[in-house]
Amino acid sequence: MIILAAGAVDSAVILQNSGIDAGNKLFFDPFVSVGGVLKDIHYNTEVQMNALAVGKEYILAPHFSSFINNYLHETDSDIEGKDILSIMVKVPDDMVGTVDKDGNVFKFNTIDDIRRLAQGCAAAGGILEKAGVDPTTMTSTVFRGAHPGGTAAIGDVVNNNLKTEIDGLYVGDASVIPISPGKPPILLILALALRLANHLKEEVIN
């Protein structure tokens, strides 16, 4: 029995080189951080992502980004990390991406991906301004992605018990998530791992 928990890219490579059609529907949970100057807020010393606001197509979470400070420091050298308040904007993407058998990643973002990010950024900017951030200092980080998954999705590559078409080969990481969650997936991955463990235990007992 083999359980792959190598991550969306490596699992896709292993599966494809084992003769299984995998590596499609790659998602990356796009995100940016929006922030600006609020003198002596000291959010850089606080617990990050200590709250969550869920919009229809995005989530917002307080998150200090040193990139914001670096951008602003280029125009005002007096700005320090303690003066920055920022919010992370994360959205589900349209899962337009693939991984080939050599591990090459091909990822594209759609107009809808960008629209969702823009809506989230507008909401974050409004919140920051009401919190006291100087709107003339507001900026954002570059577009990034996190939590890759979807390349061995339930219903496409694995069944409901996370088993592949090869007997004894299971996948137990973010690869199996069938839709882009647009949220940190760690609790979902832990739940899937627990479910898989219970299934395998029952299978061995029977």
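A brief report on the enclosed structure follows.

Analysis parameters
- Residues numbered from 1 in each chain as written.
- Predicted model: local features only at pLDDT ≥ 70, side-chain atom pairs only at ≥ 80, totals over all residues.
- Heavy atoms only, no water.
- Helix = DSSP H or I, 4+ residues; strand = E, 2+ residues; numbered from the N terminus.
- Buried < 20%, exposed > 50% of the residue type's maximum accessible area, 1.4 Å probe, protein only.
- Contact = heavy atoms within 4.5 Å.
- Lys, Arg positive; Asp, Glu negative; His and termini not counted.
- Charge placed at Lys NZ, Arg CZ, Asp CG, Glu CD.
- Expected span 1.5 Å × (residues − 1).
- Arc of directions from axis to C-beta.
- Core = buried A, V, L, I, M, F, W, Y, C linked by side-chain atoms within 4.5 Å.
- Pairing = 2+ DSSP bridges.
- Salt bridge = Lys/Arg side-chain N within 4 Å of Asp/Glu carboxyl O.

A few words on the overall build of the protein. Secondary structure assignment for the protein yields four helices and 10 strands. Counting helices and strands in the order they occur from the N terminus, the protein gives β-α-β-β-β-α-β-β-β-α-β-β-β-α. If you line up the protein on its principal axes, its C-alpha atoms span 65 × 35 × 30 Å. Burial statistics for the protein: of 206 residues in total, 40% are counted as buried. By sequence separation, contacts in the protein at least 24 residues apart represent 76% of the contacts at least 6 residues apart. If you average the places of the 15 positive and of the 25 negative side-chain charges in the protein, the two averages end up 6 Å apart.

Okay, the environment of Pro 181 next. Along the polypeptide, Pro 181 turns up in the loop between strand E10 (169-171) and helix H4 (186-205). Setting aside its immediate chain neighbours within four residues, Pro 181 contacts Phe 27, Asp 29 and Pro 92.

Quick look at helix H3 (residues 111-131) now. Over its 21 residues, H3 extends 30 Å from the first C-alpha to the last, a length consistent with the 30 Å expected when each residue adds 1.5 Å. Just downstream of H3, Gly 132 is the residue with a positive phi angle, here 110 degrees.

What follows concerns helix H2 (residues 66-73). Within H2 the residues assigned to the buried category are Ile 68, Asn 69 and Leu 72. For H2, the arc enclosing every buried residue in end-on projection is 100 degrees, short of the 170-degree limit, so these residues lie on one face.

To continue, consider the nonpolar core. Of all hydrophobic cores here, the largest spans 20 residues; its most connected members are Ile 84 and Val 89. For this core, the secondary structure elements donating two or more residues are strand E2 (30-37), H2, strand E5 (84-90) and H3. Counting residues per element, this core draws most heavily on E5, which supplies four residues. Formed by 19 residues, the second largest nonpolar core is a distinct cluster that contains Leu 162, Tyr 170, Leu 192 and Leu 196.

This paragraph deals with the pairing of E2. Where burial is concerned, most of E2 is hidden: eight out of the eight residues are buried. One ladder, built from two bridges, connects E2 with strand E9 (residues 144-145); its direction is antiparallel. The residue of E9 that forms the bridge with Phe 31 is Arg 144. Across seven bridges, the pairing between E2 and E5 is antiparallel. Looking at E5, one finds that Gly 35 is bridged to Ser 86. Of the strand pairs in this sheet, E2 and strand E8 (residues 139-140) are connected by two bridges, and their pairing is antiparallel. For Val 34, the partnering residue across the bridge sits in E8 and is Ser 140.

With that settled, the discussion passes to the environment of Gly 145. Locating Gly 145 in the fold gives a position in strand E9. The exposure class of Gly 145 is partly exposed, given its relative accessible area of 43%. A sequence separation of 45 residues divides Gly 145 from Leu 190, and the C-alpha atoms of the two residues are 21 Å apart. Those residues in contact with Gly 145, other than ones at most four positions away along the chain, are Phe 28, Asp 29, Pro 30 and Phe 31.

Okay, the pattern of salt bridges next. According to the stated counting rule, one finds 11 salt bridges in the structure shown. Note that Asp 83 and Lys 39 form a salt bridge whose closest N and O atoms lie 3.6 Å from each other. With Asp 83 in the loop between H2 and E5 and Lys 39 in the loop between E2 and strand E3 (53-54), the pair connects residues that are 44 residues apart, well separated along the chain. Among the residues examined, Asp 83 registers a relative accessible area of 0% and is labelled buried. Residues Asp 94 and Arg 116 are paired through a salt bridge, measuring 2.8 Å at the closest nitrogen-oxygen approach. Here Asp 94, found in the loop between E5 and strand E6 (97-99), pairs with Arg 116, found in helix H3; they are 22 residues apart in sequence, far enough to count as distant. One continuous salt-bridge network, built from bridges that share partners, spans Glu 57, Asp 94, Asp 112, Asp 113, Arg 115 and Arg 116.

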